[in-house]
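Structural characterization, general
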Amino acid sequence: MIKSLNERCKQKYFDGDRDVVVRDNYDIICLMDRYEPLKIEEKWQNIWEKEKPFHAVEKEGAPKMFLAEMFPYPSGAGLHVGHVRNFTIVDVLTRFYEQQRLNVLRPFGYDTFGLPAENYAIKTGTAPQDVTRVNIANFRKQAKRLGYAIDWDREINTSDPEYYKWTQWCFLQLYKKGLAYQKESYQWWCPEDQTVLANEQVEGGKCWRCGHEVEKKKMKQWFFKITEYADELLKDIDALEWPEKIKTMQRNWIGRSAGAEIDFEVMNGRRITVFTTRPDTIYGATFLVLAPEYQGLDFIVSDDARETVNKYKADALKKSEIERQENREKTGVFTGAYAINPATKEKIPIYVADYVLAGYGTGAIMAVPAYDERDREFAEKFDLPIVEAELCDRDLFGTPKITYKMRDWLISRQRYWGCPIPIAYDKDGNPYPIPEEQLPVLIPEVEDYKPDHTGRSALAKAENWLKVEIPVKDPKTGEIHMEEMTRETDTLDGYACSSWYLWRYASPRDNKHAWNPEAIKYWEPIDYYCGGDHAVAHLLYIRFWCKFFADEGYLPFREPIKRLLYNGYINAPDGKKMSKSKGNVIDPLDVINDGYGADTLRTYEMFIGPYDQDAAWDPRSVGGVYRFLNRCYNLLNNIIDTDNVVVRNKTIKKVTEDIHRYNFNTAVAALMEYVNELYKNGANKTDLIVLAKLLKPFAPHLASEMLEKLDSDDEWPKWNDKYLISDTVEIIVQVNGKLRSKISISQDHLENEEMIIDLALNDEKIKKYISSGVKKTIFVKKAKLVNIVI
RNA sequence: GCCCGAGUGGUGAAAUUGGUAUACACGUAUGCCUUAGGAGCAUAUGCCAAUCGGCGUGCUGGUUCAAGUCCAGUCUCGGGCACCA
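Residues numbered from 1 in each chain as written. Chains lettered and ligands numbered in written order. Predicted model: local features only at pLDDT ≥ 70, side-chain atom pairs only at ≥ 80, totals over all residues. Heavy atoms only, no water.

Quick word on the pairing of strand E30 (residues 738-746)
Note: strand E29 (residues 728-735) against E30, 8 bridges, orientation antiparallel. Residue pairing across strands places Val-733 opposite Ser-741, the latter belonging to E30. Hairpin connection between E29 and E30: a loop of 2 residues separates the two successive antiparallel strands, and Asn-736 in this loop has a positive phi of roughly 50 degrees. (Pairing = 2+ DSSP bridges. Helix = DSSP H or I, 4+ residues; strand = E, 2+ residues; numbered from the N terminus.)

What follows is the structure in structure tokens.
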């Protein structure tokens with residue numbers, strides 16, 4: 001077939017019977033209607049831009065399908081190949097369901113608050129608003145260049161006041177119910193820079209900016225009470241259609257422990273409550289240990305020991321996380337105080353040690369060195385008694401108690417580029433919520449974006465903005481008067497902004513609700529959510545908010561994400577993580593503009609391997625996929641009268657089922673096999689229409705072009721099982737489980753076991769293996785296999 | 001230390017319910033076409049022997065007519081948590 005094509009084209013060329021576009025290419029490809037991805041892609045992207053085929057509206061009849069990726073942080077560097085993998089997975093599913101005529105919603109947005117924009121602002125004085133605007137424009141342009149089936153009318157941006165107004169509204173709902181609250185907590189603090197530092201800004205116990213030793217400082221911070229939902233968050237994990245890996249990580253993160261709280265009387269009349277998972281070991285409790293930050297430690301310490309304890313406490317607070325991890329040698333000091341073990345009635349000493357954590361349980365433990373390795377280490381070092389006592393009933397001395405590793409979610413950030421917390425303080429420092437009608441609390445404009453010397457965000461520099469009038473009800477007279485207050489200058493953790501955006505997608509321009517109840521009912525919860533990060537943070541926070549807003553009557557479901565696809569990373573060709581400093585970054589836009597086009601890039605990233613595994617970029621394989629798409633297109637040049645009905649139906653089945661299983665790599669492989677077959681046999685119009693339809697989720701531009709040339713719609717094809725059965729069947733003949741021969745029988749004889757075994761035993765190749773006699777024969781109809789045991 | 005994953009050709013990987021190991025692609029080799037090829041097309045390609053055949057899914061065993069797949073043990077790599085009482 002190719003030869004004849006070649007002949008014809010050569011002739012045409014020598015007749016001068018057409019435009020020859022490419023000068024340095026003399027042979028058949030240039031003479032045929034040639035695959036020119038950049039041209040085709042521009043054409044179809046213009047059509048999609050104009051006709052908006054992905055614009056979604058609620059309509060009765062067709063079932064809905066809502067899909068999205070984890071919205072990106074629009075960095076200055078633009079899209080990277082990891083984004084492309086993530087977005088393309090969503091796009092393949094979007095188009096797959098669109099072609100099956102489901103009512104599909106696939107929106108897009110930008111997670112724009114964050115440190116890079118703020119650091120850039122501090123360095124250059126450029127407003128983060130401006131940088132963000134430029135970066136979004138670039139991201140949008142690049143996403144459009146990849147041909148994604150996005151409803152661009154639903155774009156959202158978390159730093160848009162129209163958006164963060166509702167983030168603040170969400171905060172106020174949580175505040176009203178006591179789930180947003182202030183608490184003193186220890187934070188990393190640099191005494192030189194006079195600022196709070198995030199964990200990742202502390203390097204080797206020192207400030208990343210000035211190198212001064214950091215310490216822990218008690219500060220008032222805002223928290224969301226996620227622990228209120230710990231039990232439900234844990235319980236509901238079971239029913240989620242999420243990867244087991246993520247479910248396990250969330251379970252571990254929540255870290256439920258069933259135990260008991262037990263009171264110990266201190267000799268000076270006070271009381272210490274400990275948490276233990278082993279209340280049955282209480283007879284072996286030979287001392288108590290308190291965390292250095294233990295509340296009320298001062299009331300327990302004896303006067304003799306006070307100085308030592310205070311020094312130990314100060315040292316412990318200075319210790320960095322890294323130091324704590326590196327040096328696990330037990331340290332601690334005696335408080336000089338004793339408590340009574342309620343089981344043995346014995347007097348036991350009370351210690352302070354940093355191996356006990358203030359944030360877990362009650363910050364105090366009963367040490368049972370006979371049963372607990374850590375307690376034993378401590379006991380050995382400080383020469384404390386180790387008693388192999390008998391076990392008792394679990395609830396004899398304490399009250400049952402469930403404890404979680406998960407802590408409440410600290411949301412205060414001393415940063416400029418975030419959503420302002422809608423709170424103001426009266427002159428006594430009492431917090432008041434900003435009334436909803438005053439929302440949004442806009443981010444003020446400032447000159448300098450650096451945090452100030454009091455450790456407050458740059459918002460504190462906007463003097464006019466700081467003052468606000470809040471209506472206050474007099475508790476005695478009931479009268480309402482306006483009172484001048486000072487605004488909160490901390491901003492919200494960026495994760496707050498992304499904890500509700502999936503609901504905003506349902507009605508992104510609604511200016512009366514955070515999310516429209518009718519739209520929510522129609523579209524949510526999301527059917528497919530795809531990402532490769534945030535296994536415990538974002539994906540836990542969004543579940544927490546969902547349960548809260550369901551309780552408040554704003555959401556008709558308690559789990560926001562039905563199915564989660566967690567994709568792997570794409571590494572550099574050398575197998576290492578891509579990074580600017582290593583100079584091994586592959587820019588997806590370069591791949592496109594080199595002439596491969598978006599379709600090749602998309603299809604390659606689906607073909608690269610299982611979607612949930614990490615993969616290394618291979619530039620040579622990109623070329624292989626490009627060749628494949630070329631071959632698809634070139635088939636249009638030679639449509640003949642033939643019939644590939646069997647392989648066509650097989651391919652429809654395989655590709656359909658593979659996409660349902662997210663086996664995108666094998667779906668592409670099946671299309672390659674199909675094309676190879678069509679090259680061998682020739683292809684008719686139906687063969688090619690099916691090819692284009694099946695190809696469209698992966699290479700939508702090329703497929704659209706093919707379908708236009710073939711004068712066909714894009715409706716997903718169906719297969720017919722009757723074509724999948726061929727007239728003759730191949731029977732595998734094994735001897736002792738090893739393949740030794742194959743025999744061919746007609747389909748009708750598949751029921752006739754006796755005949756098949758007889759054929760197998762008399763097969764020429766088999767005879768020599770079974771001369772010593774046959775012990776038994778097994779026929780498996782389903783596997784079309786005979787096994788002869790000798 | 002604890003909890004998850006994963007180990008298959010020269011390479012990325014297939015094998016969906018225990019039933020033909022290595023689909024598809026890359027790479028390589030040879031040929032065709034060509035003034036020319038870093039294009040296109042065709043054929044071959046797990047390893048050893050080069051004829052029959054033997055060996056092959058990290059390793060050692062086990063279950064089974066039959067094991068990449070199930071079981072026990074073990075090694076290596078990757079990820080998560082990490083003094084959570």
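Let's talk about helix H4 (residues 81-99)
Because each turn of an α-helix spans 3.6 residues, side chains separated by three or four positions in sequence point in the same direction. Between its first and last C-alpha, H4 extends 26 Å over 19 residues, near the 27 Å set by a 1.5 Å rise per residue. Among the 19 residues in H4, 17 count as buried, and that is most of the element. (Expected span 1.5 Å × (residues − 1). Buried < 20%, exposed > 50% of the residue type's maximum accessible area, 1.4 Å probe, protein only.)

Brief notes about helix H3 (residues 37-51)
Between its first and last C-alpha, H3 extends 21 Å over 15 residues, near the 21 Å set by a 1.5 Å rise per residue. Within the sequence span of H3, burial applies to Pro-37, Ile-40, Glu-41, Trp-44, Gln-45 and Trp-48. Down the axis of H3, the sector holding all buried residues measures 125 degrees, keeping them to one side. Exposed residues pointing more than 90 degrees away from the buried face of H3 are listed as Lys-39, Glu-42 and Lys-50. If you follow the buried residues of H3, they end up packed against H4, helix H6 (128-145), helix H19 (588-607), helix H20 (619-634) and helix H24 (700-709). A positive backbone phi angle near 45 degrees is found at Lys-52, which sits one or two residues after H3. (Arc of directions from axis to C-beta. Contact = heavy atoms within 4.5 Å.)

A look at the pattern of salt bridges
Counted according to the given criterion, the structure contains 50 salt bridges. A salt bridge links Glu-36 to Lys-39, with the shortest nitrogen-to-oxygen separation between them at 3.7 Å. Take Glu-36: its relative accessible area is 27%, and that puts it in the partly exposed class. Here Asp-238 makes a salt bridge to Arg-251, at a shortest N to O gap of 3.0 Å. Taken as a pair, Asp-238 in the loop between helix H8 (230-235) and helix H9 (244-254) and Arg-251 in helix H9 lie far apart in primary sequence, 13 residues in all. Using a relative accessible area of 27% as the deciding quantity, one classes Arg-251 as partly exposed. One salt-bridge network, in which partners are shared between bridges, spans Glu-232, Asp-236, Arg-543, Lys-547, Asp-551, Arg-558 and Glu-559. (Salt bridge = Lys/Arg side-chain N within 4 Å of Asp/Glu carboxyl O.)

Re the side chain of Thr-158
For Thr-158, the location among the structural elements is in the loop between strand E4 (156-157) and helix H7 (161-176). Apart from the residues within four sequence positions on either side, Thr-158 is in contact with Phe-71, Tyr-110, Asp-111, Thr-112, Phe-113, Tyr-163, Tyr-164 and Cys-497.

Some words on the pairing of strand E14 (residues 347-352)
Counting buried positions along E14 gives 5 out of 6 residues, so the element sits mostly inside the fold. Across 3 bridges, the pairing between strand E12 (residues 287-290) and E14 is parallel. The residue of E14 that forms the bridge with Leu-290 is Val-352. Bridge count for strand E13 (residues 333-340) against E14 is 5 bridges, and the pairing is antiparallel. Of the residues in E14, the one forming a bridge with Phe-334 is Tyr-351. Counted along the chain from E13 to the antiparallel partner E14, the turn is 6 residues long, and its residue Lys-345 has a positive phi close to 65 degrees.

What about the sheet that holds strand E24 (residues 491-492)?
The strand order E18-E24-E19 describes an open sheet built from 3 strands, whose pairing is antiparallel. The open sheet has two free edges, formed respectively by strand E18 (412-413) and strand E19 (419-420), since each of these has just one partner strand. Two elements, E18 and E24, share 2 bridges in a ladder whose sense is antiparallel. Paired with Ser-412 across the bridge in E24 is Leu-492.

Here we look at the sheet that holds strand E26 (residues 561-566)
Here 4 strands make up an open sheet; going across it, the order is E2-E1-E25-E26 and the pairing parallel. Of all the strands in the sheet, just strand E2 (103-105) and E26 have a single pairing partner and so form its edges. Mean inter-strand twist for the sheet, computed between neighbouring axes without regard to direction, equals 20 degrees. Summarising the sheet, strand E1 (residues 64-69) and strand E25 (residues 526-531) pair through 3 bridges and their orientation is parallel. Residue pairing in the sheet places Ala-68 in a bridge with Tyr-529 of E25. In the packing of helix H18 (residues 538-551) onto the sheet, the strands contacted are E25 and E26, and the crossing angle to E26 comes to about 175 degrees. (Axes fitted to C-alpha atoms, helices over the stretch in contact; angles between N-to-C directions.)

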